[in-house]
Amino acid sequence: MAGSVIPAGYEGSVCEIKTTENTFITTGRISSVSEDKIKLHIKSKAFRSVPFGFRVKINIVNSKLGFRVIEGKVYTYSFGILTLTDIFGIVDKERRSSFRVDMNLALHARYENTYTGRAASADITIKNMSINGVKFTSSHHFDMGAVLSFGLQLNKRKYVDLTCRIIRRSSDGRNGSMSYIGRIVDNTENEDAVCSFLLQKQGELLNHAK
């Protein structure tokens, strides 16, 4: 092929690895991109049983360059490095800065009470999330533009605090609760970790749906 399927700027991006039938296998990270090969670093041992020549689909997330989906053939897998050849782009025209994953995650959020100026807290339930935004419901009524923070357990070792600003709200229609859209702010240093978390959640959804 003339030129690589994806720009070298995607090196270091987290990705989700699936079969061509969309069955989740594992997550990884783009290690290197060349004209005829793409290498991925995979911590999981899930690829030990994947045979030579097996075709896989790779969902790649990069907050600056956008979302890409490619398909490739397993060439080698050794010491956690997967090499793919015979690569082509599936949705090259669909370049999104993020993708959204459904979930039902109950959390405790912190915010500043606009009347007292004191720190307060409220229960929220995250309904879906992307790198840049979050949709949640709550019985607490937040003002437009309100800023709240919540902790997210990304994995056994990684815990982050995320902050979002409410940009949209509507009645959820259940028990007087409200539905909110929040834009995540100041999250640059945690983007890769959040990407991995979202990909893992998406994989859990896919496996649960099988």
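Only a predicted model underlies this, so the values are computations on that prediction, with no experimental measurement involved. All residue numbers here refer to positions counted from 1 along the written sequence of the relevant chain. Local features in this predicted model are restricted to residues of pLDDT 70 or higher, and side-chain atom pairs are both shown and tallied only at a pLDDT of 80 or more, whereas totals for entire chains, interfaces and linings draw on every residue. Here the side-chain values reflect all heavy atoms present in the structure, with hydrogen atoms and water set aside.

## Section: unusual backbone geometry
Despite not being glycine, F79 has its phi angle at roughly 50°, a positive value. Along the chain, F79 falls in the loop between β5 (68-78) and β6 (81-89). For each residue, the accessible area found with a 1.4 Å probe, counting protein chains only, is set against the maximum for its type, and the residue is called buried under 20%, exposed over 50%, and partly exposed in between. The exposure class assigned to F79 is exposed, which follows from its relative accessible area of 85%. Located in the positive-phi region is D86, a residue other than glycine, with phi close to 50°. Under the scheme used here, helices are H or I runs from DSSP no shorter than 4 residues and strands are E runs no shorter than 2 residues, and both carry numbers assigned from the N terminus. Take D86: it is sitting in strand β6.

## Topic: the environment of E112
Looking at where E112 falls in the secondary structure, it is placed in strand β7 (residues 101-112). Residue E112 is classed as exposed on the basis of its relative accessible area, which comes to 56%. Between the C-alpha atoms of E112 and A146, which are 34 residues apart in sequence, the distance is 8.3 Å. Not counting residues within four places of it along the chain, the set of residues in contact with E112 comprises G117, R118 and V147. Note on definitions: a residue-residue contact is assigned when non-hydrogen atoms from the two residues lie within 4.5 Å.

## What about the sheet that holds strand β4 (residues 55-61)?
By the convention used here, strands pair only if DSSP detects at least 2 bridges between them. Strand order in the closed barrel formed by six strands is β1-β2-β3-β6-β5-β4, and the pairing between neighbours is antiparallel. Looking at each pair of strands side by side, their axes are set apart by 45° on average, direction ignored. Axes, fitted as lines to C-alpha atoms, cover a helix only where it is in contact. Angles between the N-to-C directions of the axes lie from 0 to 180 degrees.

## Considerations on the packing of aromatic side chains
In this description, an aromatic ring pair is defined by two values, namely the gap between the centres and the angle between the planes. Note on ring pairs: Phe, Tyr and Trp rings are taken, using the six-membered ring of Trp, and paired if centres are within 6.5 Å. Classes follow the plane angle, with under 30 degrees stacked, over 60 edge-to-face and the rest tilted. Within this structure, the stated rule accounts for five aromatic pairs. Relative to Y75, the ring of F52 lies with its centre 6.3 Å away and its plane at 55°, an arrangement referred to as tilted. Note that F52 is positioned in the loop between β3 (38-41) and β4 and Y75 in strand β5, a separation of 23 residues in sequence. Taking the centre distance of 5.4 Å and the plane angle of 80° together, the rings of F142 and Y180 count as edge-to-face. Here F142 is found in the loop between β9 (133-138) and β10 (147-153), whereas its partner Y180 is found in strand β12 (residues 178-185), with 38 residues between them in sequence. In this structure, F142 and Y180 share a single accessibility class: buried. Three or more aromatic residues joined by ring pairs make a cluster, and in this case those are Y111, F136, F142 and Y180. Whether a charge sits over a ring depends on NZ of Lys or CZ of Arg being within 6 Å of the ring centre and within 35 degrees of the ring normal. Of note, K37 hangs over the ring of Y75, and the distance from its end group to the ring centre comes to 5.5 Å.

## Details of the sheet that holds β12
Paired through backbone hydrogen bonds, the strands of a sheet run either parallel or antiparallel to each other. Read once around its circumference, the closed barrel built from six strands follows the order β7-β8-β9-β12-β11-β10, with strand pairing classed as antiparallel. Direction aside, neighbouring strands of the sheet carry axes that sit 45° apart on average. Alignment of β9 against β12, held across six bridges, turns out to be antiparallel. Its bridge partner lying in β12, V134 is registered against G182.

## Re the pattern of salt bridges
One side-chain nitrogen of Lys or Arg within 4 Å of one carboxyl oxygen of Asp or Glu is enough to make a salt bridge. Considering all chains together, one arrives at four salt bridges under this definition. R55 serves as the salt-bridge partner of D86, at 2.8 Å between the closest nitrogen and oxygen. Taken as a pair, D86 in strand β6 and R55 in strand β4 lie far apart in primary sequence, 31 residues in all. For D86, a relative accessible area of 45% translates into the label partly exposed.

## A few points about the pairing of β3
Alternating positions in β3 separate cleanly, I38 and L40 being buried on one face and K39 and H41 remaining unburied on the opposite face. Connecting the antiparallel pair strand β2 (residues 24-33) and β3 is a turn made up of four residues. One ladder, built from four bridges, connects β3 with β6; its direction is antiparallel. Directly across from L40, in β6, lies its bridge partner L82.

## Here we look at the confidence of the model for the chain
The quantity known as pLDDT measures the predictor's confidence residue by residue, on a range of 0 to 100. Residues with a pLDDT of 70 or more make up 88% of the chain, whose mean pLDDT is 83. Here helix α1 (residues 191-209) stands out as the element of the chain with the lowest mean pLDDT, 70, in contrast to β9, whose mean of 94 is the highest. This stretch, residues 92-97, has a pLDDT under 50; its non-local contacts, to residues over four places away or in other chains, come to 13 contacts.

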